[in-house]
Structures are given as structure tokens and as C-alpha cells.
Amino acid sequence: MSNFQVLLVAGTHGNEINAPWVFDQWEQNPDLLDRHGLQVIPVIGNPIALEKCQRYLQRDLNRSFTPEFLNSSKFTDLEISRAKYLFELFGPKGKSSSQIVIDFHSTTSCMGTSLVIYGRRPADLALASLIQNRIGLPVYLYEGDSSQKGFLVEAWPCGFVVEIGPVPQGTLNSRIIKQTFLTLKICLEEISKSITGKSCFPENLIVHRHLKSIDFPRDFSGKPIAFIHGDLEGRDWKTITQESPLFEDLKGEIVRLSDYSCQDEVVPVFVNEAAYTEKNIAMSLTKREVWTFDENWKDAFYELIS
Ligand SMILES: [Zn+2]
């Protein structure tokens, strides 16, 4: 455990201000949260964007951690420079290297508190299992979408995003603050328990595996011609079927799941997330799966923290 360190990130998106506020309070009142002897580094992902309460200045920091950007000096965008700085300092080979990263976000969607993992790295699955087993959070497994890449946590050996919503961008909110604080506390407790060999791994991990993201119906000029259907708005994580409505317009026309080629039962997430408008994503569709806990996940995780 000599140089084991956990990197905690808030404000990767500068208009998601609840987690940065919690970090600031923690810095001013170190007794607010017990570190359980862990070496923990809290850091603000994009401080300039946070100051301006903007998601980013030049490009999305949370799409800037690609090997291409991190390993080249030809890019000068503020966010790419920031990604390189964070990676070079806190990445696996950095001066202050961290093995685990937890990246705290908020969302305008009704996601409650959830974990997002990227791909199927065994150590991520083990850590997510520990948190899910403790407080039952849903896990969104994001994979197989080549249009979205360069997520911060992918650049570290292990980690996940915590997404908490709904909350408007740039707004402090009681429930979001308390959920952020609680999730942070549980993460520190569970990581600390794993180091002392007191972890309790579950038999299963329930994941919501990303299938596809879908855009609003648009006219020839690209304008949206329909909005999220009232039955779906605010109902992230609810299973829907082929006849379920996704979009409607003012003439009463409805676009249903059956209008897309998709599985019979899916679970929408990030429904109407404000920040995804620029990415042409109205929602993402997932499939709920129950995975048997694999001992290899545990081995990979312990190898990392030992
Ligand atoms: Zn975010």
C-alpha cells in the first residue's frame, strides 16, 4: 500500500458545481470525511471552466484523454493541455501516481445516483461490485460507441464516473450535494476495506449495457421536430418495450421504440440530458444484464491496490 493513491475528481465539467462545492467544503473542514488512512488526492478537473460555470472552454475535457492527445505535443487546446497535465501528474506513471480514479459528475437527467464504467476492465468491475453491493447503485456499462471516446477514467488503471441527477447545470442542490457526499464517503470506506482485506464481494453484478444512443427526430435542416414523450420524460432506468413512446410532436405524432431497430426490452438512460444536445444524443438505450461475479475481477483489483 506504500504508494497506493486514489484520485478524486470533481468539476471535470465546469457547470456541474455540486461535487466541486463538496470538495471545497471538505478542504476547509478536513474532518468532514474520514480518509481511513488512504492517500487521497481531490482535484478540480477543469478549474477555468468551473470559474466560468461552463461545461468546457474549447472542447469537452471528458473526451480529451485519448492516447492521441495525451501522447502528442501538437495540440494546444486548453482542455487537451489540462488532460495532459492531470495524466502526467496523477496518471499511472506520474510523480503523484494514482491507481484508482473516481470522477464525480452531475446530470440534468433523472438518473438518481449511478456509476458509469467504460468497457469491461476486470478491476473496474470489482470496484463497481463493491459499491453496488453496499448501496445498490445502478451501473451503466458504456462500450462500443466509437463516436464517444477519451473519457478521463479510461486513462487510469481503474475507476468509474459517479453521475448524480437531476440537477440543472450551475445549480447547487440539497439532494445532489448529500448524494455526492454519501457516495464519496462510501467509496472511501469500500476502498479502505479492500486494502485491509475486509471487502465483501457480491455473487452478481447488475449492469445496464450500452446498446446505442439515439438522436431527436430532425428535419432536413437539422432542427428537432419532436420532443421527449411525456411518458418517458423523467423516467430513466424504467424498462420500455417496442410499443413504448419515445418522442412526440404538437400534432400528436408519436415515435416509438419499434421505429428503431432494437431489442424488445431496453432501459433508457440520460434521457434529455442537456449537455448531450450538442452531441446529438436524446437518450441512450441499455440492456439490463446480471453478470456472475468473476474471481478474476477481484484478482485484478487486488493486484492494483497491493
Ligand atoms: Zn459531467
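What you see is a predicted model; the values in this text were computed from it and never measured.

Cut-off values and rules
Residues numbered from 1 in each chain as written. Predicted model: local features only at pLDDT ≥ 70, side-chain atom pairs only at ≥ 80, totals over all residues. Pairing = 2+ DSSP bridges. Helix = DSSP H or I, 4+ residues; strand = E, 2+ residues; numbered from the N terminus. Contact = placed C-beta atoms within 7 Å. Axes fitted to C-alpha atoms, helices over the stretch in contact; angles between N-to-C directions. Core = buried A, V, L, I, M, F, W, Y, C linked by C-beta atoms within 7 Å. Buried ≥ 20, exposed ≤ 12 C-beta atoms within 10 Å, placed from the backbone. Domains from an automatic or database assignment. Parallel < 35°, antiparallel > 145°, perpendicular 65-115°, else oblique. Nonpolar A, V, L, I, M, F, W, Y, C, P; charged D, E, K, R; others polar. Right-handed = clockwise from strand over helix to strand, strands pointing away.

Here's the deal with the sheet that holds strand 12 (residues 265–269)
Strands sit in the order 2-1-3-6-4-5-7-13-12-9 across an open sheet of 10 strands; the sheet is mixed. Each having just a single partner strand, strand 2 (40–44) and strand 9 (240–241) make up the two edges of the open sheet. Bridging between strand 9 and strand 12 involves two bridges; their strand directions are antiparallel. Residue pairing in the sheet places I240 in a bridge with V266 of strand 12. Helix 5 (residues 122–135) rests against strand 3 (100–106), strand 4 (112–118), strand 5 (139–142), strand 6 (158–165) and strand 7 (204–214) of the sheet, and its axis sits at about 40° to strand 6.

Looking at unusual backbone geometry
With an omega of 10°, the peptide bond between G165 and P166 qualifies as cis. Unlike most non-glycine residues, W237 shows phi in positive territory, near 75°. Its location among the elements puts W237 in the loop between strand 8 (227–228) and strand 9. You will see that F270, though not glycine, has its phi angle at about 50°, which is positive. Of note, F270 is situated in the loop between strand 12 and strand 13 (283–292).

Some remarks on the nonpolar core
Across soluble globular proteins, nonpolar side chains have a tendency to be buried as a group. By size, the foremost hydrophobic cluster in this structure holds 78 residues, and its most contacted members are I102, L115, L127, A128, V139 and F160. Per-element accounting of this core gives the leading share, seven residues, to helix 5. No fewer than three residues from each of domain 1 (6–207 + 295–305) and domain 2 (210–291) sit in this core. Once you skip the residues sitting within four places of it in the chain, L127 turns out to touch I100, C158, F160 and F301.

Brief notes about the packing of helix 5 against helix 7 (residues 295–305)
Following both chains from N to C, one finds helix 5 and helix 7 inclined at 95°, their axes separated by 7 Å at the closest point. When the interaxial angle is binned, helix 5 and helix 7 end up roughly perpendicular. Contacts between helix 5 and helix 7 involve P122, A123, L125, A126, L127 and S129 from the former and N296, W297, K298, A300, F301 and L304 from the latter. Partitioned by chemical class, the residues of the contact of helix 5 with helix 7 number nine nonpolar, two polar and one charged.

Points about the environment of Q169
Mapped onto the elements, Q169 comes out in the loop between strand 6 and helix 6 (174–195). The residues touching Q169, leaving out its near neighbours within four places in the chain, are N15, E16, T108 and A274.

Some remarks on the domain arrangement of the protein chain
For the protein chain, the assigned domains are domain 1 (6–207 + 295–305) and domain 2 (210–291). Contacts between domain 1 and domain 2 engage 19 residues on the former and 18 residues on the latter. Secondary structure elements with two or more residues in the side of domain 1 that touches domain 2: strand 5 and strand 7. Here the side of domain 1 that touches domain 2 gets four residues from one element, more than from any other, and that element is strand 7. Class assignment of the residues belonging to the side of domain 1 that touches domain 2 gives a composition of nine nonpolar, seven polar and three charged.

Observations regarding the sheet that holds strand 8
One open sheet holds the three strands; their spatial order is 8-10-11, and the pairing between them is antiparallel. Each of the sheet's edge strands pairs with one partner strand only, and the pair in question is strand 8 and strand 11 (254–256).

Regarding the environment of T183
Among the structural elements, T183 can be located in helix 6. Classification of T183 by C-beta neighbours within 10 Å gives buried; the count is 22. Distance in space between the C-alpha atoms of T183 and E273 is 21 Å, their sequence separation being 90 residues. When near neighbours in sequence (up to four residues on either side) are disregarded, T183 contacts T113 and V162.

Brief notes about the pairing of strand 1 (residues 6–10)
Of all five residues in strand 1, five are buried; the element is thus mostly enclosed. By the alternation rule, side chains of strand 1 split into V6, L8 and A10 and L7 and V9, which are all buried. Alignment of strand 1 against strand 2, held across five bridges, turns out to be parallel. Bridging across to strand 2, L8 finds its partner in P42. With respect to chirality, the unit in which strand 1 leads through helix 1 (residues 18–28) into the neighbouring parallel strand 2 is right-handed.

Re the pairing of strand 12
Here strand 12 pairs with strand 13 via three bridges, running antiparallel. Its bridge partner being in strand 13, V269 is matched across the sheet by S284.

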